[in-house]
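A look at the structure
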Amino acid sequence: MTDFGELEHYSAGDLLSWAVDCYGDQFAIASSFQKEDMVLTDLASVAVAKAVSPRRLRVFTLDTGRLPEETYSMMEAVRSRYGVTVESVFPDREEVERMVAANGPNLFFISPELRHCCCDIRKTRPLGRKLRELRAWATGLRREQSATRAHIPKVAEVDEKIKLNPLADWTASQVEQYTREHGLPVHPLYARGYASIGCAPCTRAIQPGEPERAGRWWWEQGNKECGIHFDANGSVRRGVAAQPDH
Ligand code: SF4
């Protein structure tokens, strides 16, 4: 396993430049169009513009089929602002059909197991498929967001892919400040009290003072993760990129 310790001291912009130069078109930003993802995309566009060799900005998103309408507006905003193709990754149609036929469209409310099944089919497996065409990817995770994320490194090798969390040490105020100063588009649901935004049925606004991710799967206790980054026990999720085709 490679030691990425030195990169821990890099700024977010320098880290993205490093990834763009090292991995070129096999590096992409994972975005759900939350504030962090917008900052990441903006910084990556700068990194691409000043890359040593010609590079292109790559942004992908997991379109679960249950996203809020406002997220699609953000997708359009990114497409027009940066002139990029947002690469939508969809779940396997047959898997979704089988899951919904067996458990109904709102199975996530029935049990934690079925919620995880839905996240697995709509998010984790499609992500694994996407990662197979990449060597490196970046997320907008921040340590401050939750106890599960408190110790994420800026760079790590997971499933033989280089995973970057360039905003790991950013605070929410830094994200806000960057967003303001650069006039970035902001997901409309923040103005309605959302602090973290995912699928429409599984996300809601939070009350002042509640943890940032309290609105995700609000009916559940325990860790508020979908399984992409961490498993149900809060451990780093491995095996995502190594899944067989379904
Ligand atoms: S967040 Fe909800 S709707 Fe989206 S994949 Fe997970 S369980 Fe399914």
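Everything here concerns the structure above.
Since the model is a prediction, treat every value here as computed from it, not as a measurement.

**Points about the overall build of the protein chain**
What the protein chain contains, in helices and strands, is six helices and six strands. By the burial criterion, 39% of the 246 residues in the protein chain qualify as buried. Put simply, of all contacts in the protein chain between residues at least 6 apart along the chain, 71% involve residues at least 24 apart.

**Thoughts on the nonpolar core**
Membership of the largest hydrophobic core comes to 38 residues, with the highest contact counts inside it found for L16, A19, A44 and A138. If you list the elements that add at least two residues to this core, you get α1 (12-23), β1 (27-30), α2 (35-49), β2 (59-62), α3 (69-82), α5 (112-131), β4 (136-138) and β6 (161-164). The element best represented in this core is α2, accounting for seven residues. A19 has contacts with F27, A136, A138 and L164, leaving out every residue within four places of it along the chain. By size, the runner-up hydrophobic cluster in this structure holds eight residues, among which are L67, C119, C202 and W217.

**So, the packing of α2 against helix α6 (residues 172-181)**
Running from amino to carboxyl end, α2 crosses α6 at an angle of 55 degrees, the nearest separation of the two axes being 10 Å. Of the possible angle classes, the one that applies to α2 and α6 is oblique. Handedness of the crossing formed by α2 with α6: left-handed. When α2 is examined against α6, the residues K35, E36, M38 and V39 are found in contact with a partner set consisting of V175, Y178 and T179. Per-class residue counts for the contact of α2 with α6 are four nonpolar, one polar and two charged.

**Description of the site of the ligand**
Around the ligand, a shell composed of 13 residues is seen, among which C118, C119, R122, C199 and C202 lie nearest. Taken together, the residues of the shell around the ligand break down into seven nonpolar, two polar and four charged.

**Observations concerning the packing of α1 against α2**
As a packed pair, α1 and α2 sit with axes 9 Å apart at the nearest point and diverge in direction by 50 degrees. By the criterion of interaxial angle, the relationship of α1 to α2 is oblique. Crossing handedness for the pair α1 and α2: right-handed. Here A12, G13, L16, S17 and V20 of α1 lie close against α2, whose contacting residues are L43, A44, V46, A47 and V48. Residue composition of the contact of α1 with α2, grouped by class: eight nonpolar, two polar and no charged.

**Points about the pairing of β2**
Across the two faces of β2 the burial is the same, with V59 and T61 and F60 and L62 all buried. Pairing geometry for β2 and strand β3 (residues 86-89), over four bridges, is parallel. The residue bridging L62 from the neighbouring strand is V89, located in β3. Between β2 and its parallel partner β3, the chain crosses via α3, and the hand of that crossover is right-handed.

**Points about helix α4 (residues 93-103)**
Of all eleven residues in α4, one are buried, a share of ten percent or less. With its phi angle positive at about 90 degrees, G104 sits one or two positions after the end of α4.

Cut-offs and rules
- Residues numbered from 1 in each chain as written.
- Predicted model: local features only at pLDDT ≥ 70, side-chain atom pairs only at ≥ 80, totals over all residues.
- Helix = DSSP H or I, 4+ residues; strand = E, 2+ residues; numbered from the N terminus.
- Buried ≥ 20, exposed ≤ 12 C-beta atoms within 10 Å, placed from the backbone.
- Contact = placed C-beta atoms within 7 Å.
- Core = buried A, V, L, I, M, F, W, Y, C linked by C-beta atoms within 7 Å.
- Axes fitted to C-alpha atoms, helices over the stretch in contact; angles between N-to-C directions.
- Parallel < 35°, antiparallel > 145°, perpendicular 65-115°, else oblique.
- Left-handed = near helix turned anticlockwise from the far one by under 90°.
- Nonpolar A, V, L, I, M, F, W, Y, C, P; charged D, E, K, R; others polar.
- Near = placed C-beta within 6 Å.
- Pairing = 2+ DSSP bridges.
- Right-handed = clockwise from strand over helix to strand, strands pointing away.

Any functional reading would require information that these geometric values do not contain.
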